[in-house]
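What follows is the residue order along each chain.
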Amino acid sequence: MALIVQKYGGTSVGSPDRIKNLARRVARFKALGHQVVVVVSAMSGETNRLIGLAREIMQEPDPRELDVMVATGEQVTIGLTAMALMELGLKAKSYTGSQVRIVTDDAHTKARIMYIDEERIRKDLNDGYVVVVAGFQGVDEKGNITTLGRGGSDTTGVALATALKADECQIYTDVDGVYTTDPRLVPEARRLKSITFEEMLELASQGSKVLQIRSVEFAGKYKVKLRVLSSFEEDGEGTLITFEDPENKDSNMEQPIISGIAFNRDEAKIMVLGVPDKPGIAYQILGPIADAKIDVDMIIQNMGADGTTDFTFTVHKNEMFKALGILNQVQAHIGAREVRGDDKIAKVSVVGVGMRSHVGIASQMFRTLAEEGINIQMISTSEIKIAVVIDEKYMELAVRVLHKAFELEEA
Ligand code: ADP
Ligand code: ASP
Ligand code: MG
């Protein structure tokens, strides 16, 4: 007997029929003698609909109130899922995040899970129930409802698997695993049988939304057995996230050089031009940005011949105007000639642990883009990733040509 946490995403609970289908799968696992905890997202489109409603009332919705209302999406699906399970003769009980007590910090709309009081769930499991838990939501220590950021149900699933010491966490979605790139963009993309945790972390952080990054961080920290599977197929092995020893060169040798390509249209570039080149400038620019809790991703600084420098960084598109407003206020003080924003950019990243033992990946990437006439605006690298910022309109082309150049469609 195993304890399994199964998380079902929006499409997988998108209609009563799909929920019935999910219930049949859970029943099969129960029939094998397993204990099952089910985590569900809101029905597909529902979270967007709720956010849209809030924006009709308030342009920048109050974060606490937004959490109160967007959390209702998952409250609907837990009830429906428990009913579907009962209809199959199973004992089932649903809980919201605050009923379980998934306790988070108070960072509304992007809260982090601090701990989970799993006793109630454990008791129900021992009493033979299938426990259905609302994804994406928690409660802070003062009792306010919080949410975990878009895609946060993945994190609920992995966090529950951690708290319950589950044998496996299965993420059921609308694709049958993790692919070399988003199969909706590149039909030739290939499913990976397994992917290392480090690569999955990079892919998620570079924009592959198949798993929310925090769920991957959790899985890595607590070594949760994590698998991505299709909710539309009866069986299928999906993709297993593996934990390998990065020092083990032998296992790296067998790895493909590049495992996947991620892309992200959600960032904007901010340029602070003609800044006097003296100590403390980076701090004077980024200090106020950090104080405003705006996350910065890539950063570059170019030395000009005239003793000034250009400072460029990227932030989430939603925060571009806020960041520009802050910089306009400090512009005179830091002596910058101009502050400019550009949200028509995209980031494309190639990821693979095999890069560690191969040289020339960057030059192959840059040559491939150059052959298509795609200009690179920014570059950032890590041991297992090369990311470039390009004009948004070339993003799809860049992903396709890189997928081909690195022969990812071949088995
Ligand atoms: P869910 O609602 O089940 O959480 P998501 O839409 O959040 O589903 O994530 C699944 C989607 O992620 C897929 O439909 C696919 O378009 C996208 N995706 C992006 N990159 C990848 C990738 N490398 N492999 C598989 N799917 C990917
Ligand atoms: N329903 C939430 C969202 O759309 C959480 C999730 O689906 O994981 O972001
Ligand atoms: Mg998702």
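Before going into details, it helps to say that this report is about the structure given with it. (Residues numbered from 1 in each chain as written. Chains lettered and ligands numbered in written order. Predicted model: local features only at pLDDT ≥ 70, side-chain atom pairs only at ≥ 80, totals over all residues. Heavy atoms only, no water.)

1. Examining the site of ligand 1
Keep this limit in mind: A cutoff of 4 Å decides nearness: a residue is near a molecule or strand if any of its heavy atoms lies inside that distance of it. Polar contacts, as used here, are pairs of N or O atoms within 3.5 Å; protein pairs need one atom able to donate a hydrogen and one able to accept it. Residues neighboring in sequence count only if both atoms are side-chain atoms. Method for areas: the Shrake-Rupley scheme with a 1.4 Å probe, in which residue coverage is limited to the protein chains shown.
Ligand 1 sits among 16 residues. The nearest are Thr173, Asp174, Tyr179, Asp182 and Arg184. With respect to ligand 1, the side chain of Asp174 contributes an N or O atom lying 2.8 Å from an oxygen atom. In the model, an oxygen atom of ligand 1 is placed 2.8 Å from a nitrogen or oxygen of the Asp182 side chain. Bound to the protein, ligand 1 loses 89% of the 570 Å² it would expose on its own.

2. Re unusual backbone geometry
Here is the rule we go by: The numbering of helices and of strands both runs from the N terminus, where a helix is a DSSP run of H or I of at least 4 residues and a strand a run of E of at least 2.
Phi is positive for Arg101, close to 80 degrees, though the residue is something other than glycine. The residue Arg101 is located in the loop between helix 5 (97-100) and strand 4 (102-104) in this model. Although it is not a glycine, Lys223 adopts a positive phi angle of roughly 50 degrees. Tracing the chain through its elements places Lys223 in the loop between helix 9 (213-222) and strand 11 (226-230).

3. Quick word on the site of ligand 2
For the record, the criterion: Amino acid classes used here: Ala, Val, Leu, Ile, Met, Phe, Trp, Tyr, Cys and Pro are nonpolar; Asp, Glu, Lys and Arg are charged; the rest, including Gly, are polar.
The local shell around ligand 2 consists of Ser41, Ala42, Thr47, Glu74, Phe136, Arg150, Gly151, Gly152 and Ser153. At a separation of 2.8 Å, a nitrogen atom of ligand 2 approaches a polar side-chain atom of Glu74. At a separation of 3.4 Å, an oxygen atom of ligand 2 approaches a polar backbone atom of Gly152. When isolated, ligand 2 has an accessible area of 260 Å², and the protein chains bury 86% of it. Taken together, the residues that form the shell around ligand 2 break down as two nonpolar, five polar and two charged.

4. Concerning the environment of Arg25
Using the following cut-off: For every residue, the accessible area obtained with a 1.4 Å probe (protein chains only) is divided by the maximum for its type, and the residue is called buried under 20%, exposed over 50%, and partly exposed between those limits. Contacts are assigned to residue pairs with any non-hydrogen atoms lying within 4.5 Å of each other.
Following the sequence through the fold, Arg25 ends up in helix 1 (residues 16-31). Accessibility expressed as a relative area gives 6% for Arg25, which makes it buried. When the C-alpha positions of Arg25 and Gly220 are compared, they lie 27 Å apart, and in sequence the two are 195 residues distant. Apart from residues no more than four positions distant in its own chain, Arg25 is found in contact with Gln6, Tyr8, Tyr172, Ser230, Ser231, Phe232, Glu233 and Glu234.

5. So, the packing of aromatic side chains
Each aromatic ring pair is specified by the distance between its two centres and by the angle formed by the two planes. The cut-off we apply is this: Pairing of aromatic rings covers Phe, Tyr and the six-membered ring of Trp, with a centre-to-centre limit of 6.5 Å; geometry is then stacked below 30 degrees between planes, edge-to-face above 60, and tilted otherwise.
Applying the stated criterion across every chain yields a total of four aromatic pairs. A ring pair is formed by Tyr8 and Tyr172, whose centres lie 4.9 Å apart and whose planes are at 10 degrees; its orientation type is stacked. In this pair, Tyr8 is assigned in strand 1 (residues 3-8) and Tyr172 in strand 9 (residues 168-173), connecting sequence segments 164 residues apart. Judged by relative accessible area, Tyr172 falls into the buried class, the value being 3%.

Functional significance is not addressed by these values, which are geometric in nature.
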